[in-house]
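Residue-level structure breakdown
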Amino acid sequence: MSFKNKAPLLFVVLFALLFCGFDFSCAYAKALPPVVRESKYPDYAGEFIGRDKFEGFNRKMFAFNRKLNKYAIKPVHIIWASIMPKYGMDRIQSAYTNIEYPKRLVSTLLQRDFKASGHETLRFLTNTTIGLGGMFDPANRFFKLEPLKEDVAQGLAKCKVKQGPYLVLPFINSTTPRALLGTLIECPLDPSMYIGSPVTALVKAGLLVNRTAYAQGIIKLVESNFADPYDIAKKMYGLERYIKDNNYDRKEVLEKALKECAELVKKEEHNKSLDVKDEKALNPDDNLVVDDAIKGYAWFDREDNNNKDLANKQLVPDIILKDFNPQCPVTDAMRTALFGEEENHNSIWSELSLWNRCFSKKIKTSSIEVTKDRDKYRFKYILQKGKTSPLAILFPSIGEGVDSHHSLVFAKIFYDMGYSVVILGSHFNWEFLKSMPEGYKPGMPDSDVAYLRKMTLDIIKKMEKKYDRTFSQRVVLGTSFGAFAALFLADMESRENTLNITKYISINPPVELLYAVRVIDENNDMWNKSPVDIKKRTAIGASKIIQLYERKNNTKGFSLPSLPFSEDEARLITCFVLRQKLSDLIFTLENVSPSKKTDVYDSINNTSYWDYAQEYMLKSTDSTLEELNDKASLYYISDFLKNNRNYKIFHSLDDYLVNKRHLKDLREYAGASLVLFDRGSHLGHLYRSEFKEALLREITLKDLSGASR
């Protein structure tokens, strides 16, 4: 091997020795102790990676790598992805993965997992021969020999080589000394290392470009959706590494869960068949999982002067979701994300390609100035060709940005119906905050929605002026927290019409924000149920999601009767997502520079949503808790809900962010403008055909005003 080929390896060894205090007497990397903190919520970065000893250096390298990727690496990937269709890229990647067989074999041998060694050998022989050098995967397709994602670092972990501190190096955004040592050992296991020629060099360069191009999607996700990309990259790497090092990515983990899930479903079906006269199947009001002991409507003994018998009324669903097989509400809420359609990304070209014209690539990005000398507010849009097309305006769920998956799905639905579409981010999102005046604290509906209203008006004016058009009709649709905002906007517009909105569609809005906050915090607090094995529980839950996504993307007609998650796992996953949204907001509120070392996460990990309401919302408005509860609820706009019918609310009887009294009051106020599903939890029904059909009836243009497209 020439010195040029050895140079990168020497670089790796240098950093491994420098940062982990390598002890040649035992060949173990000395590990830093895990982070020990008295905090309300787990510090996932600390749990999986340990103390970030070199955070200052790592952040500088992370910033360097971002610029390097933007100006040097990504352009190469774009050119390559525009030359090679996605199918060709996948075949090349498959062949490259096949020739990496030696490293997977060594990994399984180090783990003393001889069954996996034989499995990998059979896969290699099958795919090398009838799979045309590994370009295809007949081993999996015909012989059910699924691929294993092994690397030498896993074997080192099994041999008790310590992980060492988290590192960011040039060209390497996340690693540890153990992972670097694994990469060093893998180099001589690469057959291409022993062939040297100009042609081979070009081939290896092409393989490298093809392989690394797949990372651009993750890089874009991290950079555009999170206030502190460094922190989320660290969390993701730590979680991924822990899953791999403990073999939680093996199919056995998911298969066991699917089997248990199938047995539970079978048991439930058996129980139902024992009593076919059970009326609760059609009136599930009394089976709601959310406990009314978490006081919502009755917190401040608000009197109901309109209907003293309301509490005795039963809620009857308007739409029955057949064969839904409900689990717990928190698990059911995850269904849309895992069962939703991916047609918005369909293309023969990679998303990096200049030729990719799938729906998501047609959506454009623009911005407006909300506050002078503050960041411009980013929004997305897609326009019809017609100059007088109707317009749909989308408000996403809490903390979501303009790249929200739900917003993209709804944008496609509206666009196919003849609408132009504008997508805004949540007003509880860090990007929204950066466009607001200095010191602004999101959370109060009246002030937040006033800004959303102004933003929406400025965006409409900009679109109409830039593209010389007039939007004939305008519909606002919001989900969850965005649905709550949509109804407050409707109330404002009923008193002073500035946006000329034809209809407001609100999907699973919370009724009282403080009630929803308490429920969210209760779910988040579940991690304390067994804090000792928090890493294992989180990793197994995440592994199931990853494997389900892979099966969904690789299996035609993919379907599951239920999700293979326990209530505990569903709560942990939901906690991880919602905690990250709050983390991004507080990180931005505290005006912490992402490029500098900070201990702000000590504070963040001790802040619940309820703490946020008290520390930020109450103090910024000089309100009492009772006043905050009143103003941050749909009861505050009950007059609008009673006296107007230019809105439609879709809700579920088992939505865990509301209670039965909330839904009964909504029924009293909204009448036929409230559509109740018997099941579906919080947004867990969005993928269902019953919901889509009901939504399409509401947005059909002739039903709005009789106007044609």
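Since the structure is predicted, the reported quantities are computational estimates derived from the model, not experimental observations.

As for unusual backbone geometry
For arginine 112, which is not glycine, the phi torsion reads 60 degrees and is therefore positive. Along the chain, arginine 112 falls in the loop between helix H5 (101–110) and helix H6 (114–129). Even without being a glycine, asparagine 325 presents a positive backbone phi close to 50 degrees. Inspection of the secondary structure puts asparagine 325 in the loop between helix H13 (251–274) and helix H14 (329–332).

Regarding a positive patch on the surface
A cluster of basic residues, Lys220, Arg357, Lys361, Lys362, Lys364 and Lys466, forms a positive patch at the surface. One can find lysine 361 in helix H16 (residues 359–362). The class for lysine 361 is partly exposed, based on a relative accessible area of 32%.

Some details on helix H12 (residues 229–245)
Spanning 17 residues, H12 covers 24 Å between terminal C-alpha atoms, matching the ideal 24 Å at 1.5 Å per step. Within H12, 15 of the 17 residues are buried, which leaves the element mostly enclosed by the surrounding structure.

With respect to the pairing of strand S5 (residues 391–395)
Burial analysis of S5 places five of its five residues in the buried class, which makes it a mostly covered element. The alternating pattern of S5 places Leu391, Ile393 and Phe395 on one face and Ala392 and Leu394 on the opposite face, and all of these are buried. Remark: the S5/helix H17 (residues 405–416)/strand S6 (residues 420–423) crossover connection has right-handed handedness. The pairing of S5 with strand S7 (residues 474–479) spans five bridges and is classified as parallel. Residue pairing in the sheet places phenylalanine 395 in a bridge with glycine 478 of S7.

What about the sheet that holds S7?
Within the open sheet, the eight strands sit side by side as S3-S4-S6-S5-S7-S8-S9-S10. Their pairing is mixed. Pairing within the sheet leaves two strands with one partner each, and these edge strands are strand S3 (364–368) and strand S10 (674–677). Direction aside, the axes of adjacent strands within the sheet are offset by 20 degrees on average. As judged from the five bridges shared by S3 and strand S4 (residues 377–382), these two strands associate in the antiparallel manner. By the bridge assignment for S4, serine 367 is matched with arginine 378. Across the sheet, helix H19 (residues 445–467) is in contact with S3, S4, S5, S6 and S7; its angle to S3 comes to roughly 120 degrees.

Notes on the pairing of S4
A large share of S4 lies buried, amounting to five of its six residues. As paired elements, S4 and S6 share three bridges and run antiparallel to each other. Bridge pairing in S6 places tyrosine 381 opposite valine 422.

What about the confidence of the model for the chain?
Per-residue confidence for the chain averages 84 on the pLDDT scale, and 84% of its residues sit at or above 70. With pLDDT under 50 throughout, residues 1–37 is counted as low confidence; its partners more than four residues away or in other chains account for 49 contacts. Here residues 275–308 is modelled with pLDDT under 50, and outside its nearest four sequence neighbours on either side it reaches 66 contacts, counting other chains as well.

Here we look at the pattern of salt bridges
Here the structure, examined in full by the defined rule, presents 37 salt bridges. Ionic pairing is found between arginine 178 and aspartate 245, a salt bridge with its closest N-O pair at 2.8 Å. One end of the pair, arginine 178, is in helix H9 (residues 177–186); the other, aspartate 245, is in helix H12, and 67 residues separate them in sequence. According to the relative accessible area criterion, aspartate 245 is buried, its value standing at 13%.

Some remarks on H5
Restricting attention to buried positions, one finds in H5 the residues Tyr101, Lys103, Arg104, Ser107 and Thr108. Considered in projection along H5, the buried side chains sweep an arc of 165 degrees and stay on one side of the axis. In this structure, the buried residues of H5 make contact with helix H4 (86–99), H6, helix H8 (152–158) and H9. Just downstream of H5 lies arginine 112, where phi reads positive at about 60 degrees.

Points about the packing of helix H21 (residues 513–524) against helix H25 (residues 609–621)
At their nearest, the axes of H21 and H25 sit 8 Å apart, and the two run at 135 degrees to each other. In this view, H21 runs oblique relative to H25, as classed from their interaxial angle. Side by side, H21 and H25 meet where Leu514, Val517, Arg518, Ile520, Asp521 and Asn524 of the first sit next to Tyr609, Trp610 and Ala613 of the second.

Things to note about the side chain of asparagine 508
On the secondary structure map, asparagine 508 appears in the loop between strand S8 (503–507) and H21. Here serine 681 takes part through its backbone oxygen, which lies 3.2 Å from a polar atom of the side chain of asparagine 508. Within the local environment of asparagine 508, its side chain forms a polar contact with the side chain of histidine 685, the two groups lying 2.9 Å apart. Residues in contact with asparagine 508, not counting those within four places in the same chain, are Ser480, Ala483, Phe650, His651, Ser652, Asp655, Ser681, His682, Leu683 and His685.

A word on the packing of aromatic side chains
Going through the model one piece at a time under the given rule, you end up with 27 aromatic pairs. Ring geometry for tyrosine 166 and tyrosine 230: centres 6.1 Å apart, planes at 70 degrees, overall edge-to-face. Here the residue tyrosine 166 occupies a position in the loop between H8 and strand S1 (167–169), and tyrosine 230 occupies one in helix H12, the gap between them amounting to 64 residues. Linked through ring pairs, Tyr44, Phe48, Tyr242, Tyr248 and Phe576 together constitute an aromatic cluster. For the cation-ring pair, lysine 412 lies above phenylalanine 359, with the distance from its terminal atom to the ring centre recorded as 6.0 Å. We note arginine 518 situated over the ring of tryptophan 610; from NZ or CZ to the ring centre the distance is 4.0 Å.

Section: the packing of H21 against helix H23 (residues 567–589)
In the contact formed by H21 and H23, the axes pass within 8 Å of each other and the chain directions differ by 120 degrees. Classed by the angle they form, the pair H21 and H23 counts as oblique. Seen from above, H21 lies across H23 with left-handed handedness. Between H21 and H23, the contacting residues are Ile520, Glu522, Asn523 and Asn524 on the first element and Arg571, Cys575, Leu578 and Arg579 on the second.

Quick notes on the environment of threonine 108
Here threonine 108 is to be found in helix H5. Separated by 43 residues in the primary sequence, threonine 108 and aspartate 151 place their C-alpha atoms 8.5 Å from one another. Not counting chain neighbours up to four residues away, the residues in contact with threonine 108 comprise Asp113, Ala116, Ser117 and Glu150. Engagement of the side chain of threonine 108 in a polar contact is seen with the side chain of serine 117, the distance being 2.7 Å.

Let's talk about the environment of lysine 441
Tracing the sequence through the fold places lysine 441 in the loop between helix H18 (430–435) and H19. Under the relative-accessibility criterion, lysine 441 is labelled partly exposed at 24%. Measuring from C-alpha to C-alpha, the distance between lysine 441 and phenylalanine 428 comes to 9.2 Å, with 13 residues separating the pair along the chain. Excluding its chain neighbours within four sequence positions, the residues that come into contact with lysine 441 are Leu589, Tyr612, Tyr616 and Ser620. Separated by 2.9 Å, the side chain of lysine 441 and the backbone oxygen of glycine 439 make a polar contact.

Description of the side chain of lysine 544
Along the chain, lysine 544 falls in helix H22 (residues 534–554). In terms of polar contacts, lysine 544 uses its side chain to reach the backbone carbonyl oxygen of proline 564, at 3.1 Å.

What counts as what
- Residues numbered from 1 in each chain as written.
- Predicted model: local features only at pLDDT ≥ 70, side-chain atom pairs only at ≥ 80, totals over all residues.
- Heavy atoms only, no water.
- Helix = DSSP H or I, 4+ residues; strand = E, 2+ residues; numbered from the N terminus.
- Patch = residues over 30% accessible without salt bridge, like charges linked within 9 Å, V, L, I, M, F, W, Y side chains within 5 Å.
- Areas by Shrake-Rupley, 256 points an atom, 1.4 Å probe, with all protein chains shown as cover.
- Salt bridge = Lys/Arg side-chain N within 4 Å of Asp/Glu carboxyl O.
- Lys, Arg positive; Asp, Glu negative; His and termini not counted.
- Charge placed at Lys NZ, Arg CZ, Asp CG, Glu CD.
- Buried < 20%, exposed > 50% of the residue type's maximum accessible area, 1.4 Å probe, protein only.
- Expected span 1.5 Å × (residues − 1).
- Right-handed = clockwise from strand over helix to strand, strands pointing away.
- Pairing = 2+ DSSP bridges.
- Axes fitted to C-alpha atoms, helices over the stretch in contact; angles between N-to-C directions.
- Contact = heavy atoms within 4.5 Å.
- pLDDT = per-residue confidence, 0-100.
- Arc of directions from axis to C-beta.
- Parallel < 35°, antiparallel > 145°, perpendicular 65-115°, else oblique.
- Polar contact = N/O pair within 3.5 Å; in protein donor to acceptor, adjacent residues only side chain to side chain.
- Phe/Tyr/Trp six-rings, centres within 6.5 Å; stacked < 30°, edge-to-face > 60°.
- Lys NZ or Arg CZ within 6 Å of the ring centre and 35° of its normal.
- Left-handed = near helix turned anticlockwise from the far one by under 90°.

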